[in-house]
Amino acid sequence: MTITETHRAGLDAALSPAESQLAFRAVLDALARPGLPARLPVPEARGVTLPPVLLPLLALADLGTGVCVLGAEDLPERDWAGALSTATSAPRVPLEGARLVGAAGPISGEEIRRLRRGTALAPEDGALLALAVAGLAGGLRRWWLSGPGVPGRRAISPLGVPDEFLVARADAVAGHPAGIDVLLVGPDGGLLGLPRTTIIEEERN
């Protein structure tokens with residue numbers, strides 16, 4: 001992709017102020033109420049559908065926020081990783097240095113463990129991972145959520161989550177308050193939040 005094409009793609013990827021506000025609010029709602037669906041805006045008016053998994057990054061990224069897109073080859077039509085950086089002025093950085101990570105394709109347990117976690121004194125430096133899934137419901141495994149923002153326990157069954165996800169995420173949040181926050185993003189813009197404070201137990205048959 002040429003510089004001109006990347007710039008044009010970046011303009012296509014840029015969210016309007018209203019869209020950015022809606023996406024930002026959806027992320028906050030999802031993380032404040034773990035396991036309850038929220039909805040991202042999926043703009044289509046510009047003649048191109050933005051990949052929903054990138055919408056949280058487009059809403060949150062800025063000049064001082066390093067971003068990384070995994071599985072970018074699974075995104076259709078254009079260099080969305082480049083478009084994201086162009087639209088937000090956010091620097092593209094390696095996985096270990098990114099504050100915002102979008103996983104458009106399967107992410108391995110090893111990659112989850114490499115995400116930055118911040119420290120006890122600076123937990124806000126931990127990464128936010130937006131993970132594309134096939135659906136927010138319909139999976140064969142049931143997860144029971146508990147912790148802040150969850151009255152009692154709440155059950156979810158996301159579809160298309162990598163097999164290693166739960167174990168790797170547990171490792172990544174073991175040093176609370178350091179850790180990672182996760183957004184599960186469906187193909188229609190549906191959103192589930194799994195903040196680092198949420199305990200996840202898998203129901204086994």
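Residues numbered from 1 in each chain as written. Predicted model: local features only at pLDDT ≥ 70, side-chain atom pairs only at ≥ 80, totals over all residues. Heavy atoms only, no water.

Draft legend 1. Representation of the packing of aromatic side chains. Under the criterion given, the structure shown has one aromatic pair. Here the aromatic rings of Trp143 and Phe165 are separated by 5.7 Å at their centres, their planes lie at 5°, and the arrangement is stacked. Here Trp143, found in strand S5 (residues 142-147), pairs with Phe165, found in helix H6 (residues 165-172); they are 22 residues apart in sequence, far enough to count as distant. For the pair Trp143 and Phe165, one class covers both residues: buried. (Phe/Tyr/Trp six-rings, centres within 6.5 Å; stacked < 30°, edge-to-face > 60°. Helix = DSSP H or I, 4+ residues; strand = E, 2+ residues; numbered from the N terminus. Buried < 20%, exposed > 50% of the residue type's maximum accessible area, 1.4 Å probe, protein only.)

Draft legend 2. A look at the side chain of Glu19. The topology assignment puts Glu19 in helix H2 (residues 17-32). Of the polar contacts made by the side chain of Glu19, one reaches the backbone nitrogen of Ser16; its length is 2.9 Å. (Polar contact = N/O pair within 3.5 Å; in protein donor to acceptor, adjacent residues only side chain to side chain.)

Draft legend 3. A look at the sheet that holds strand S7 (residues 181-185). Spatially, S1-S8-S7-S4-S3-S2 is the arrangement adopted by the six strands of the open sheet, whose pairing is mixed. The open sheet has two edge strands, strand S1 (38-39) and strand S2 (67-70), and neither has a second partner. Packing of H2 onto the sheet brings it into contact with S1, strand S4 (128-132), S7 and strand S8 (190-194), and relative to S8 it is tilted by some 45°. (Pairing = 2+ DSSP bridges. Contact = heavy atoms within 4.5 Å. Axes fitted to C-alpha atoms, helices over the stretch in contact; angles between N-to-C directions.)

Draft legend 4. Focus on the environment of Leu140. Inspection of the secondary structure assignment puts Leu140 in the loop between S4 and S5. We classify Leu140 as exposed; its relative accessible area is 87%. In sequence terms Leu140 and Ser157 are 17 residues apart; their C-alpha atoms lie 6.8 Å from each other.

Draft legend 5. A look at H2. Along its 16 residues, H2 runs 22 Å from first to last C-alpha, staying within 8% of the 22 Å computed at 1.5 Å per residue. Those residues of H2 that sit buried are Glu19, Ala23, Ala26, Val27 and Ala30. Summarising the axial view, the buried residues of H2 lie within an arc of 100°, below the 170-degree limit, and thus occupy one face. Exposed residues pointing more than 90 degrees away from the buried face of H2 are listed as Pro17 and Gln21. Looking at the buried positions of H2, the neighbouring elements they touch are S1, helix H3 (55-60), S7 and S8. (Expected span 1.5 Å × (residues − 1). Arc of directions from axis to C-beta.)

Draft legend 6. Structural view of the pairing of S2. On S2, burial covers both faces: Val67 and Val69 on one face and Cys68 and Leu70 on the other are all buried. Across four bridges, the pairing between S2 and strand S3 (residues 100-103) is parallel. Along S3, the bridge assignment pairs Leu70 with Ala103.

Draft legend 7. Looking closely at the sheet that holds strand S6 (residues 150-156). The strand order across the open sheet formed by three strands is S6-S5-S9, and the pairing between neighbours is antiparallel. Each of the sheet's edge strands pairs with one partner strand only, and the pair in question is S6 and strand S9 (199-203). Taken pair by pair, the neighbouring strands of this sheet meet at an average axis angle of 20°, ignoring direction. Bridge count for S5 against S6 is four bridges, and the pairing is antiparallel. Across the sheet, the residue bridging to Leu145 is Arg154, located in S6.

Draft legend 8. Fine view of H6. Inspection of H6 places Phe165, Leu166, Ala168, Arg169 and Ala172 among the buried residues, and these make up the whole buried set. Within H6, the buried residues cover an arc of 165° as seen down the axis, which keeps them to one side. In this fold, the buried residues of H6 make contact with helix H5 (109-114), S4, S5, S7, S8 and S9.

Draft legend 9. Just the pairing of S7, in detail. Along S7, five of the five residues are buried, which leaves the element largely enclosed by surrounding structure. Neither face of S7 is left uncovered, since the one carrying Asp181, Leu183 and Val185 and the one carrying Val182 and Leu184 both have all their residues buried. Strand direction decides the pairing type here: S4 and S7, joined by five bridges, are parallel. Bridge pairing in S7 links Ala130 to Leu183. Here four bridges tie S7 to S8, and the two strands are oriented antiparallel to one another. Across the sheet, Val182 pairs through a bridge with Leu194, a residue of S8. Counted along the chain from S7 to the antiparallel partner S8, the turn is four residues long, and its residue Gly189 has a positive phi close to 95°.

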